[in-house]
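Each chain, written out:
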Amino acid sequence: MKKALRRVLIGAFWIGVWWIIAVAVGLPKLLPGPGETARALLRLSQTAAFWRSVGLTLLRVALGYMLAVLAGTALAAGCWRVKGLDMLLSPLRTVIKATPVSSFILLVWLWLQRSRVPVFISFLMVLPIIWTATQEALNAVDGNLTEMANMYRFSAWKKLRYVYAPSVKPAFMAACMTGLGFAWKSGIAAEVIALTPDSVGKHLSDAKNYLEYPDLFAWTVTVILLSMALEAGLKALARKRREEKA
């Protein structure tokens, strides 16, 4: 209860700051306050287009994110196991990390349908995060544990379950949490630039182009709330799995 109350008070404080700035500016069409934004969000949430766009955006980001987790884990395991593969693919990982997401969006836009651009961009931004964290965790596995597993002739499955998985899990879960934020932000950015139909990003772009700033703020609040919900859901899932194992 104390933690929840603290969060409510912090949220109320920043909403108050927002309201004070909006009142000081005195231009609700350009800088809507919390009230105008809430009314715009309520109006938008009563339309089928709002929920369709939210649902499809979540689906695109989730698909790219899950593919990145699977591919990143597989690449980490492969590069950890085969050093030659690591030398071959490490430049690719470096290029993905170094290239701005906007450049990838513009390039991919030339090759893929607009509805697929956010999926690919979410995948691409999360892939090196999972890949790097998992591979580094595998490299850091205690050698004494692996020697003990070999001494007792553990099968490959037992080694994975009792040696590698517990050692890698903390870093892997942290990477998944970080990657989720990157997937969400990059996916929305891809929708904005590629003008993906039936998407939150497309509505953000339209609101900005038509100077509908209350709608722009309402869609931005939607993005923030959905991001918080996704993060809370992932944390709850991880906590539930820990409790089941305990």
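For the structure, see preceding data.
Along every chain, residues carry numbers that run from 1 in the direction the sequence is written. Local features in this predicted model are restricted to residues of pLDDT 70 or higher, and side-chain atom pairs are both shown and tallied only at a pLDDT of 80 or more, whereas totals for entire chains, interfaces and linings draw on every residue. With hydrogens and water stripped out, all remaining heavy atoms of the structure feed into the side-chain values.

### Brief notes about the nonpolar core
Right, on to step 1. Put simply, a nonpolar core is a bunch of buried Ala, Val, Leu, Ile, Met, Phe, Trp, Tyr and Cys residues held in one set by side-chain atoms that sit within 4.5 Å of each other. Think of it in three bands: residues with accessible area under 20% of the maximum for their type are buried, residues over 50% are exposed, and the middle band is partly exposed, with areas taken using a 1.4 Å probe on protein chains only. Counting residues in each nonpolar core, the largest one holds 42 residues, and the members touching the most others are Y65, V117, I121, V200, L204 and W219.
Right, on to step 2. Working definition: helices are DSSP H or I runs of at least four residues, strands are E runs of at least two. Numbering for both runs from the N terminus. Taken together, the elements giving at least two residues each to this core come down to α2 (34–45), α3 (48–81), α4 (83–98), α5 (101–111), α6 (117–139), α8 (156–194), α9 (200–209) and α10 (213–245).
Right, on to step 3. Among the elements that take part in this core, α6 stands out by supplying ten residues, more than any other.
Right, on to step 4. Residue contacts are counted whenever heavy atoms from the two residues lie within 4.5 Å of one another. Excluding residues within four positions of it along the chain, V117 makes contact with I105, V108, W109, L112, A190 and A194.
Right, on to step 5. Counting residues in each nonpolar core, the second largest holds seven residues, with A137, L138, A149 and V163 among its members.

### Section: the packing of α4 against α6
Right, on to step 1. Geometry is summarised by axes, namely lines fitted to C-alpha atoms with helices restricted to the contacting stretch, and by angles between N-to-C directions that run from 0 to 180 degrees. Packing of α4 against α6 brings their axes to within 10 Å, and their N-to-C directions diverge by 140°. The pairing of α4 with α6 is recorded here as oblique in orientation. Of the two elements, α4 crosses α6, and the hand of that crossing is left-handed. Every residue of α6 that contacts α4 at K83, D86, L89, R93, I96 and K97 is listed here: L124, L127, P128, W131, T132, Q135 and N139.
Right, on to step 2. Three classes are used: nonpolar for Ala, Val, Leu, Ile, Met, Phe, Trp, Tyr, Cys and Pro, charged for Asp, Glu, Lys and Arg, and polar for all others, with Gly counted as polar. When grouped by side-chain class, the residues that make up the contact of α4 with α6 number six nonpolar, three polar and four charged. Every angle not falling under 35 degrees, over 145, or within 65 to 115 is termed oblique; those three ranges are roughly parallel, roughly antiparallel and roughly perpendicular. Each crossing is labelled by how the near helix is turned from the far one, with a counterclockwise turn of less than a right angle marking it left-handed and a clockwise turn marking it right-handed.

What is shown is where atoms sit, not what they do.
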